[in-house]
Amino acid sequence: MIAGGELAAALSAGPQVRVLGGADYAETVAAMQAFTQARTESTPDEVWLCQHPPVYTQGLAGKAEHVLDAQGIPVVQSNRGGQVTYHGPGQVVAYPLVDLRRLGIYVKEFVYRLEHCVIGTLADLGVTGHRVAGAPGIYVRLVDPFGHAALTGPRLDRFEGLGKIAALGIKVSRHCSYHGLALNVAMDLAPFGRINPCGYAGLQTVDLATLGIGAEWPDVAGRLGQKLAAHLSPRR
């Protein structure tokens, strides 16, 4: 049994980062759900880092017409928010399993922190990430991914000149989160062209390799995991 002081220290230390490596999508979702259903107020938070075999996942609002041509890649219904996205090798998928009530934050702030961690990870690699209002995830300027100029408006096409490099979709149950975000490192991007990514027709998807960044999966996963652990800590 953990003593009260040790438990308090563990809870205040922030999430434990677990690197799962390659992991089946459906099995991972089932494990996240079981973890969330079984957890109590004294359950330490965790962040799971993995990459999945090729799979399309539909969010709760997902529309079948956004899958244009699956070409044999499984399409799996999910209970996360958002529309369809693609997971595959060479992508860092991060699943923060955290108690938002313990952090004293709501979903909007949680999403902001997740995006902030992606932006910080990209910045470590010299890439400037951007938010787009009303479209969760992180984007880069295709003509100048390393420039620091902010996106300015109004923009008739909010995605003009942008490529999506990270997608985000979460689920919150009893104040506890699961599902999470996916950052593209070095992937086969062709499957993204067979869907309307996150429900947006014609939205271009990019990865770090496309931008000329030769980062390895373990390095990017480690950087992202460290940032998530720091920014999802009650002591932040």
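It should be noted that the structure appears before, not after, this text.
Residues numbered from 1 in each chain as written. Predicted model: local features only at pLDDT ≥ 70, side-chain atom pairs only at ≥ 80, totals over all residues. Heavy atoms only, no water.

Details of the sheet that holds strand E4 (residues 75-77)
Taken in spatial order, the three strands line up as E4-E3-E5 in an open sheet, and their pairing is mixed. With one partner strand each, in any of the chains shown, E4 and strand E5 (85-87) form the two edges of the open sheet. For this sheet, the mean inter-axis angle between neighbouring strands, taken without regard to orientation, is 35°. In this sheet, E4 lies alongside strand E3 (residues 55-58) in parallel orientation, the contact comprising three bridges. Bridge assignment links Gln 58 to a residue of E4, and that residue is Gln 77. (Pairing = 2+ DSSP bridges. Helix = DSSP H or I, 4+ residues; strand = E, 2+ residues; numbered from the N terminus. Axes fitted to C-alpha atoms, helices over the stretch in contact; angles between N-to-C directions.)

Here's the deal with the environment of Val 107
Locating Val 107 in the fold gives a position in helix H4 (residues 107-124). Under the relative-accessibility criterion, Val 107 is labelled partly exposed at 39%. When the C-alpha positions of Val 107 and Val 140 are compared, they lie 24 Å apart, and in sequence the two are 33 residues distant. (Buried < 20%, exposed > 50% of the residue type's maximum accessible area, 1.4 Å probe, protein only.)

Describing the layout of surface pockets
Which parts of space are left empty comes out when a probe the size of a water molecule is rolled across the atoms. Within this model, the largest pocket holds a volume of roughly 360 Å³. Looking at the largest pocket, it is lined by 26 residues, and the ones nearest its centre are Arg 80, Gly 81, Gly 82, Leu 168 and Gly 169. Elements that contribute at least two residues to the lining of the largest pocket include exactly E5, strand E6 (91-97), H4, strand E8 (135-141), strand E9 (162-173) and strand E10 (176-184). Counting residues per element, the lining of the largest pocket draws most heavily on E9, at six residues. Grouping the amino acids of the lining of the largest pocket by side-chain chemistry returns 15 nonpolar, nine polar and two charged. (1 Å grid on protein atoms, 1.4 Å probe; cavity = no way out; pocket = protein on both sides within 12 Å on 5 of 7 lines; lining within 4 Å. Points joined across faces, edges and corners; volume = space filled by probe spheres on them. Nonpolar A, V, L, I, M, F, W, Y, C, P; charged D, E, K, R; others polar.)

A closer look at the pairing of E3
Where burial is concerned, the two faces of E3 agree: the one with Val 55 and Thr 57 and the one with Tyr 56 and Gln 58 are both buried. In terms of strand pairing, E3 meets E5 through three bridges, oriented antiparallel. The residue of E5 that forms the bridge with Tyr 56 is Tyr 86.

Quick word on the packing of H4 against helix H5 (residues 217-231)
Direction vectors running N to C along H4 and H5 enclose 140°, while the axes themselves pass 9 Å from each other. With respect to their mutual orientation, H4 and H5 come out oblique. In terms of crossing hand, the pair formed by H4 and H5 is right-handed. On H5, the residues that touch Arg 113, Leu 114, His 116, Cys 117, Val 118, Gly 120, Thr 121 and Asp 124 of H4 are Val 220, Arg 223, Leu 224, Lys 227, Leu 228 and His 231. Residue composition of the contact of H4 with H5, grouped by class: six nonpolar, four polar and four charged. (Parallel < 35°, antiparallel > 145°, perpendicular 65-115°, else oblique. Left-handed = near helix turned anticlockwise from the far one by under 90°. Contact = heavy atoms within 4.5 Å.)

Examining the nonpolar core
Formed by 37 residues in total, the largest nonpolar core has its most connected members in Ile 165 and Leu 208. Listing elements by their share of this core, those giving two or more residues are strand E2 (46-51), E6, helix H3 (100-103), H4, E8, E9, E10 and H5. A total of seven residues in this core trace back to one element, the largest contributor, which is H4. In contact with Leu 208, not counting residues within four places along its chain, are Leu 122, Leu 125, Val 127, Ile 165, Asn 184, Val 185, Ile 213 and Val 220. Ranked by size, the runner-up nonpolar core spans 13 residues in total, among them Ala 23, Trp 48, Cys 50 and Tyr 95. (Core = buried A, V, L, I, M, F, W, Y, C linked by side-chain atoms within 4.5 Å.)

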